[in-house]
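# Topology and contacts: notes
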Amino acid sequence: MNSAPLKADFQALLAALPQPASGHYPQGTPFVQALAHGSLNVELFAPATSQLGRDIQQPHTQDELYVVQRGRSGLWRDGQTETVGAGDILFVPAGVAHRFENFSPDFVTWVVFYGPIHGEKP
């Protein structure tokens, strides 16, 4: 029987943010792991909890989906910015530079990393 959690509790995860400080996040890490299985890793990300006032993430090695839970933000992706809000689903291919900009204080998104390193090929 698999002992990995099958359910992520949004409120409990949000209450756990920020996570302990790290080198990049001296005021606290703005994401927490929710679920993991095989190549799948799901996190909850609330950039305002880092108190940096900006999103400093770097390109990731896996493809990723963002499912915006609440709030509003701009998503800068590969040189273009679009406004995103609660209910939006966004795709960022592995290796593509991106970040959230001008996010509202309540902006929270699920992040779903999946697939092989360097992403799936079309």
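Shown above is the structure to which this text applies.
First, a word on scope: everything that follows refers to the structure included in this document. (Residues numbered from 1 in each chain as written. Predicted model: local features only at pLDDT ≥ 70, side-chain atom pairs only at ≥ 80, totals over all residues. Heavy atoms only, no water.)

Next up on the list: the packing of aromatic side chains. Considering all chains together, one arrives at five aromatic pairs under this definition. When the ring of Tyr-25 is compared with that of Phe-31, the centres are 6.2 Å apart and the planes differ by 80 degrees; the resulting orientation is edge-to-face. We classify Phe-31 as partly exposed; its relative accessible area is 30%. Note on Phe-45 and Phe-100: the rings are 6.3 Å apart at their centroids and 45 degrees apart in plane angle, and the pair reads as tilted. (Phe/Tyr/Trp six-rings, centres within 6.5 Å; stacked < 30°, edge-to-face > 60°. Buried < 20%, exposed > 50% of the residue type's maximum accessible area, 1.4 Å probe, protein only.)

So, on to the pairing of strand 6 (residues 89–92). A regular strand places its side chains on the two faces of the sheet in alternate fashion. Burial along strand 6 is one-sided: Leu-90 and Val-92 are buried, while Ile-89 and Phe-91, pointing the other way, are not. In terms of strand pairing, strand 3 (residues 63–70) meets strand 6 through four bridges, oriented antiparallel. By the bridge assignment for strand 6, Tyr-66 is matched with Leu-90. (Helix = DSSP H or I, 4+ residues; strand = E, 2+ residues; numbered from the N terminus. Pairing = 2+ DSSP bridges.)

Put simply, Leu-17 and Pro-18 share a cis peptide bond, and its omega is 0 degrees. The residue Gln-51 is not glycine, and still its phi comes out positive at about 60 degrees. Here Gln-51 lies in the loop between strand 2 (40–45) and strand 3. Using a relative accessible area of 57% as the deciding quantity, one classes Gln-51 as exposed. Non-glycine residue Asp-78 carries a positive phi angle of around 55 degrees. Among the secondary structure elements, Asp-78 is positioned in the loop between strand 4 (72–77) and strand 5 (80–85). The class for Asp-78 is exposed, based on a relative accessible area of 60%.

Remember, this is a structural readout, not a statement about activity or role.
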